[in-house]
Amino acid sequence: MITSRRDYILRIIDEVTQLIARVIFKRRSGADQEALEIVVEGCERLFSMERDQLFRFTPDQHFAMLIENEPPELARDKVLLYAALNTEAGKIYSRLGNRELARATATNALRFALKARTIESNEPPPKFAPDVDELVSVLGEETLDAEMRSLLGR
């Protein structure tokens, strides 16, 4: 049972990683709305939940849902996948000129990328992990809340 659960989670991680690659391709080719739709599909797949339910939860609840009953390395990768999806959404919203959503999703991406660092793992971060320094640069370190500044200091 444990092996099948692990295989299932690894399959989800692989599928969402492929979706991120599609998002990047669509974003770079200017298909922003399609890219945003793929971001949402990735979130739905990662959480195994429809969007109308998924986006009712807070970031803290999302974090708890991602790590619940998962071994550390899988929990960390799921958190980083969510951070990567938010990073891509932020880039798309920025290009569309929606500064409020760009900032909100970039902030969420940074929060999850930093929280992923608190999960013990002997494995290096996966290639899809967002660049924390890049996110801090986009947001401006002076605008970060106390929790994120604390996480940055670790």
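Attention in this report is confined to the structure presented alongside it. Computed from a predicted model, the values in this text were never measured in an experiment.

**Observations concerning the pattern of salt bridges**
Scanning the model with the defined rule gives 15 salt bridges in all. Of the charged contacts in the structure, one is a salt bridge between E34 and K26, with a shortest N-O distance of 2.9 Å. Its salt-bridge partner being D60, residue K115 comes within 2.9 Å of it at the nearest N-O pair. Highlighted residues: K115 in helix α6 (residues 99–116) and D60 in helix α4 (residues 59–67), separated in sequence by 55 residues. On the basis of relative accessible area, K115 is assigned to the buried category, the value being 10%. Look at the salt bridges and you will find they share partners, linking D60, R111, K115, D145 and E147 into a network.

**A short note on the packing of aromatic side chains**
Tallying each qualifying case throughout the model produces three aromatic pairs. By way of ring pairs, the aromatic residues F47, F63, Y82 and F112 are connected into one cluster.

**Some remarks on the packing of helix α2 (residues 32–47) against helix α5 (residues 72–95)**
The geometry of α2 relative to α5 is characterised by a closest axis approach of 10 Å and an angle of 160 degrees between their N-to-C directions. Classified by the angle between their axes, α2 and α5 sit roughly antiparallel to one another. The hand of the α2/α5 crossing is left-handed. Where α2 approaches α5, its residues D32, A35, L36, V39, G42, C43, L46 and F47 are matched on the opposing element by K78, L81, Y82, L85, E88, A89, I92, Y93 and R95. Within the contact of α2 with α5, the residues separate by chemical class into twelve nonpolar, one polar and four charged.

Conventions and cut-offs
- Residues numbered from 1 in each chain as written.
- Predicted model: local features only at pLDDT ≥ 70, side-chain atom pairs only at ≥ 80, totals over all residues.
- Heavy atoms only, no water.
- Salt bridge = Lys/Arg side-chain N within 4 Å of Asp/Glu carboxyl O.
- Helix = DSSP H or I, 4+ residues; strand = E, 2+ residues; numbered from the N terminus.
- Buried < 20%, exposed > 50% of the residue type's maximum accessible area, 1.4 Å probe, protein only.
- Phe/Tyr/Trp six-rings, centres within 6.5 Å; stacked < 30°, edge-to-face > 60°.
- Axes fitted to C-alpha atoms, helices over the stretch in contact; angles between N-to-C directions.
- Parallel < 35°, antiparallel > 145°, perpendicular 65-115°, else oblique.
- Left-handed = near helix turned anticlockwise from the far one by under 90°.
- Contact = heavy atoms within 4.5 Å.
- Nonpolar A, V, L, I, M, F, W, Y, C, P; charged D, E, K, R; others polar.

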